[in-house]
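Examining the three-dimensional arrangement
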Amino acid sequence: MSLSREPAVTFAVLPDPGQATTLDGLVERLRLLKVWAGDPSYGTIKDRVNAAWAAEGRPAGELAGKTTVVDCFRLGRRRVNTELVVAVVRTLHPDTGYVAQWRQALQVISGESTAASQVRVQDSLPKDLAAFTGRTTELNRLCQALADNRQDGGAVVISAIEGMAGVGKTQLAIHAGHVLNQQQPFDRVLFVNLRGFHPDPTQPPADPAAVLDGFLRLLGVPGHTVPHDIESRVTLYRERLVGTRALVVLDNAFSADQVRPLLPDAPGCLTLVTSRRGLTDLRSAVHLAVDVFTPEEALRFLTRTAPGVPLGPDPDAPERIARRCGYLPLALGLLAAHIRATPGWTLTDHADRLDERHQDRRLDTAVELALDLSYHHLPTDRQRLLRLLALHPGQDFDAHAAAALADTDLSTAHTHLRLLHDDHLLQQGTPGRYTFHDLIRAHATTRAHDEDRPPDRRAALTRLFDHYLATSADAMNTLHPAEAHHRPRIPPAGTPTPDLTDPDTARAWLDTERPTLVGVAVHTAGHGWPTHTTRLARTLYRYLDSGHHTDALTVHGHAGNAARDNGDPTGQAHALTSLGGTHFRLGRYGPAAEHFQRALDLFRQTGDLAGQARALNNLGIIETMAGQHQAAADRYVLVLVLSRQAGDRIGEAHTLNNLGIVELRLGRHQEATDHHRQALALFRQIGERTGEAHTLISLGRVMLRSGRHQEATDYYRQALALSRQLGNRDAEAWTLDGIGILRTRLGQPVQAVEHHQQALTIFRETGDRDGEVWALNGLGEAVHTAGHPADALARHTAAHTVAADIGDREQQARAHAGLGHAHRTLGDRTHAREYYHHALTLYTDLGMPEADEIRAHLTSVDDSDHDQRE
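Residues numbered from 1 in each chain as written. Predicted model: local features only at pLDDT ≥ 70, side-chain atom pairs only at ≥ 80, totals over all residues. Heavy atoms only, no water.

Here we take up the overall build of the protein. When helices and strands are counted, the protein shows 39 helices and eight strands. Over its C-alpha atoms the protein spans a radius of gyration of 31 Å, differing by no more than 12% from the 29 Å that the globule rule assigns to 870 residues. Each principal axis of the C-alpha distribution contributes one length, and for the protein these read about 120 × 60 × 55 Å. Relative to its 870 residues, the protein shows a buried fraction of 56%. Put simply, 67% of the contacts in the protein that link residues at least 6 apart link residues at least 24 apart. By element, 50% of the accessible surface of the protein is carried by carbon and sulfur atoms, the whole surface being about 35100 Å². (Helix = DSSP H or I, 4+ residues; strand = E, 2+ residues; numbered from the N terminus. Rg over C-alpha atoms; globule rule 2.2 N^0.38 Å. Buried < 20%, exposed > 50% of the residue type's maximum accessible area, 1.4 Å probe, protein only. Contact = heavy atoms within 4.5 Å. Areas by Shrake-Rupley, 256 points an atom, 1.4 Å probe, with all protein chains shown as cover.)

Right, dumping it as structure tokens:
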């Protein structure tokens, strides 16, 4: 097995971006794609990209230059413009699926899946504005579109609300949603800020795959069953909305490509999309262009939001205020809050003051003018908190985060957040969580850099990162206490933290803060807090491993880079091991092996025995998958010695279980039983219940192979109950598959098919391709036993395809054997003999006892032919 080089690439075929494991590897494949597409000039590529972008409504100032296109093809870069590379790929080969492969590969390798880390979805609309004003024409068009929808039999309605920043697009969509829901309640509401125009250039637009992950969870799909690829997520998302009347609000969209995967296609659904750009590619949409208020609407808005303020000597003061605010809703809202907070002033006073500040400060826009007034009205401590909150790397935050930034108590933080919200300087998406409008965040960030010394800003962010690190450690210690010694020791935070001693509360906190935690990992890695990144990654490993694989790639990837740049080989080794584990979960065994090998080399340099054991154990798992059973067994024996020397009892238990699995494949049933029982005893002593569940499955499999069916039944029954109690779908699926094999052996094929089908469904939902091939082969054996050899052919053929794709030689052999049995039953001895020979070759090469069974079948086929000739 090669562990140090990427797979070879040829010019004759379309380059596969998924095979790249480095940024340079992707660039090499981009160069090959250019050659494959006829080697167009960089100028031609630039023109094609810009033509496509212009057609999408992108302004001229955002089009690509030739130099930036050329940069996409240069080796040795640390970052690439993901959006531009995807656009280049689309011009070279405009296949949707192929472009999606490039987007995913870029996210994995460049760390740009930080977009996923910043997605916050919710299952309700944000609170409506009590003083919502105007927009009668736009609301009427939306209501008419929905009415037309009902007349057309419930066709999907997409309304794209477009306009400049601060014009009130989001509030219009929210208000429209509330109005429509009052007229006829929706069955489902989904809302997300797609962050299309975040002021921080390191925060890219939200990844549709990550949004779908969040939406699916809100729709009742367990996190660890969310499919890995975006196409499967889209399919499942749309299936979940069939038969429901759903409202989906996609706020602050960047492009039509970002929106399309998030559109329902079920009758009765309504989607509202807001964007600063004209989403002309959404051809079936009702497009609403939203402009600033009319002068009359602006005056009505001021009257409603600042009632009872005396006019003063100038009767035209309200018109002057509205005009100075440019009739922009965001500026008018900020100014109205300022007016309410200055008793004794007349509207004339405010109009005069606006004129003065415009002349004195030379502010260029209405928003700057309104923000400047609002900011200066705040007390000093609230100004400071607003500035510090703008530095927060996440999309939203709560009072604990605010308390950490300001180094204050929780009650004071709550009060400040509430008052900033009242002043329209913060928005509240869900109760207790706050966020910024992009323009206000940019203004506050500028203020922070102008008014807070760099050491003070760093101290505030350090307190914030300490808070997230310590609270994450508290949550993980509650959920996985037996693994505490595997995680770094984190001191308590010096600021208030929530009580996470209850497992449900701990899990809910992690689920809520996951986007923020990934954002913190990314920010700390790139801005001078490398040990925070590495410790946070190790702390969150088990949680991310439960199904958040995209986020895991981001967190562990940045942790590895941070450790490398910080001269921390141990931290880099841990990150590489975690990255390898994530790639393994995703079925990418080559990159997984490469990461494990690099981690092993670093652990050996540092003398970390437990780390060496972990890396070697993972390499043994890959060898087992490849059918190198004796090599894996030898490796596990070494791992067992290292784990015991390091005092790592969990590592020892996992290794004993893995060793038992290999012993079984080599036909050593008693040795396998002994190792599994030792592992089970250790897991139970330690209290590591996930390991206990998997070991019970292993014992069931040994008993099944040994013909001890009652004992197999007992172990599988325990495993199924425990896996379901833990909510561990992976263990549940493997148990169901084992029960299916047992039912086939007991002559109960109908029950066997039922169990294998349940297992197959879970394996496909979780993206476990190894499990998928086991379940397909099990189904083939069950339907053959039930007397349906033609169905068995289809199942075993599908199993062989997957097994060959992932390199599972044992299951390839099992599929060949099943195909041989099916062809023999159908009377086709020629094909039966052919498949038996394939199976025999593989089983013999693997050193597995099944080879003897296949020889017996071949002999039987040959004897039948001999009898027929006589």
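Moving on to the packing of aromatic side chains. Scanning the entire structure with this criterion turns up nine aromatic pairs. Consider the rings of Y98 and W102, whose centres lie 6.5 Å apart with planes at 75°: the pair is edge-to-face. In this pair, Y98 and W102 both sit in helix α5 (residues 96-110), four residues apart, roughly one turn of the helix. Of the two residues, Y98 and W102, both sit in the buried class. Between the aromatic rings of F215 and Y237, the centroid separation amounts to 5.8 Å while the plane-to-plane angle is 25°, which identifies the pairing as stacked. One end of the pair, F215, is in helix α9 (residues 208-218); the other, Y237, is in helix α10 (residues 230-241), with 22 residues separating them in the sequence. By relative accessible area, Y237 is classed as buried at 0%. These aromatic residues form a ring-pair network of at least three members: W734, F763 and W774. Residue placement shows R245 over the ring face of F186; its charged tip is 4.1 Å from the ring centre. When the ring centre of Y541 is taken as reference, the NZ or CZ atom of R614 above it lies at 4.8 Å. (Phe/Tyr/Trp six-rings, centres within 6.5 Å; stacked < 30°, edge-to-face > 60°. Lys NZ or Arg CZ within 6 Å of the ring centre and 35° of its normal.)

Further remarks concern the confidence of the model for the protein. Taken as a whole, the protein shows an average pLDDT of 86; of its residues, 90% reach a score of 70 or greater. Taken element by element, the predicted model of the protein shows its lowest mean pLDDT in helix α6 (residues 114-117) (46) and its highest in helix α18 (residues 399-406) (97). Across residues 1-12, where pLDDT falls below 50, the model places 22 contacts with residues more than four positions away in sequence or in other chains. (pLDDT = per-residue confidence, 0-100.)

Attention shifts here to the side chain of N193. By the element assignment, N193 lies in strand β3 (residues 188-193). One polar contact links the side chain of N193 to the main-chain amide nitrogen of R195, over a distance of 2.9 Å. Separated by 3.5 Å, the side chains of N193 and N252 make a polar contact. Apart from residues lying up to four places away in sequence, N193 is in contact with R120, D251, N252 and Q395. (Polar contact = N/O pair within 3.5 Å; in protein donor to acceptor, adjacent residues only side chain to side chain.)

On to the packing of helix α21 (residues 454-479) against helix α22 (residues 503-526). Helix-helix packing is characterised by the crossing angle of the two axes and by the distance between the axes. In the contact formed by α21 and α22, the axes pass within 9 Å of each other and the chain directions differ by 140°. When the axes of α21 and α22 are compared, the pair comes out oblique. Handedness of the crossing formed by α21 with α22: left-handed. Residues L461, F465, Y468, T471, S472, A475, M476, T478 and L479 of α21 touch α22, and the partners they reach there are P503, A506, R507, W509, L510, E513, T516, L517, V520, H523 and T524. (Axes fitted to C-alpha atoms, helices over the stretch in contact; angles between N-to-C directions. Parallel < 35°, antiparallel > 145°, perpendicular 65-115°, else oblique. Left-handed = near helix turned anticlockwise from the far one by under 90°.)

The nonpolar side chains of a soluble globular protein tend to be buried with one another. Judged by nonpolar contacts, the single largest core of 98 residues is most densely connected at L389, F436 and L510. Not counting chain neighbours up to four residues away, the residues in contact with F436 comprise L386, L389, A390, F397, L425, L426, Q427, R441 and A444. Membership of the second largest hydrophobic core comes to 36 residues, among which are L680, A733, A775 and A815. (Core = buried A, V, L, I, M, F, W, Y, C linked by side-chain atoms within 4.5 Å.)

Take the pattern of salt bridges next. Considering all chains together, one arrives at 41 salt bridges under this definition. Measuring nitrogen to oxygen at the nearest pair gives 4.0 Å for the salt bridge that ties D213 to R233. Of this pair, D213 sits in helix α9 while R233 is found in helix α10, placing the two residues 20 residues apart along the sequence. In terms of burial, D213 and R233 fall into one category: buried. Among the salt bridges present, the one from D355 reaches R324, with a minimum N-O distance of 2.9 Å. Of this pair, D355 sits in helix α15 (residues 347-361) while R324 sits in helix α13 (residues 317-324), placing them 31 residues apart in sequence. Residue classification places R324 among the partly exposed positions, given a relative accessible area of 27%. Linked through salt bridges whose partners overlap, the residues forming this network are D213, R217, R233, R514 and D551. (Salt bridge = Lys/Arg side-chain N within 4 Å of Asp/Glu carboxyl O.)

On the secondary structure map, R814 appears in helix α37 (residues 809-825). In this structure R814 comes out as buried when scored by relative accessible area, which is 9%. Only 3.2 Å separates the side chain of R814 from the side chain of Q811, close enough to count as a polar contact. Excluding residues within four positions of it along the chain, R814 makes contact with I741, W774, N777, G778, E781, H796 and Y843.

A few words on unusual backbone geometry. The bulk of non-glycine residues show a negative phi, and the bulk of peptide bonds are trans. One non-glycine residue, R195, lies in positive phi territory at about 50°. Relative to the helices and strands, R195 is located in the loop between β3 and α9. Positive phi values are uncommon outside glycine, yet Y327 reaches one of about 60°. Here Y327 is to be found in the loop between α13 and α14 (329-340). Judged by its relative accessible area of 21%, Y327 is partly exposed.

Quick look at the packing of helix α1 (residues 23-36) against helix α4 (residues 82-92) now. It is the contact of α1 with α4, at a shortest axis distance of 10 Å, that shows an interaxial angle of 25°. Taken together, the axis directions place α1 and α4 in an arrangement best described as roughly parallel. Seen from above, α1 lies across α4 with left-handed handedness. Facing L30, L33, K34 and W36 of α1, the residues of α4 in contact are V85, V88, V89 and L92. Within the contact of α1 with α4, the residues separate by chemical class into seven nonpolar, no polar and one charged. (Nonpolar A, V, L, I, M, F, W, Y, C, P; charged D, E, K, R; others polar.)

Time to look at the environment of E692. With respect to the element layout, E692 can be found in helix α31 (residues 689-705). On the accessibility criterion, E692 (11% relative accessible area) is buried. Sequence separation between E692 and Q718 is 26 residues; the distance between their C-alpha atoms is 9.9 Å. One polar contact links E692 to R684, side chain to side chain, over a distance of 3.0 Å.

Another aspect to go through is the environment of D499. When you line up the elements, D499 lands in the loop between α21 and α22. Through-space distance from the C-alpha of D499 to that of L656 is 37 Å; in sequence the pair is 157 residues apart. One polar contact links D499 to T501, side chain to side chain, over a distance of 2.9 Å.

With 18 residues, helix α26 (residues 589-606) extends 26 Å between its outermost C-alpha atoms, agreeing within 8% with the 26 Å of an ideal straight helix rising 1.5 Å per residue. Those residues of α26 that sit buried are Y589, P591, A592, A593, E594, H595, F596, Q597, A599, L600, L602 and F603. In this fold, the buried residues of α26 make contact with α25 (569-585), α27 (609-625), α35 (769-785) and α36 (789-806). Positive backbone phi, approximately 75°, marks G607, located one or two places after α26. (Expected span 1.5 Å × (residues − 1).)

Our focus in this paragraph is the environment of L858. Relative to the elements of secondary structure, L858 occurs in helix α39 (residues 850-869). Accessibility expressed as a relative area gives 7% for L858, which makes it buried. When the C-alpha atoms of L858 and R829 are compared, they prove to be 9.8 Å apart, with 29 residues separating the residues in sequence. Leave out the neighbours within four places in its chain, and L858 touches R833, Y836, H837 and L840.

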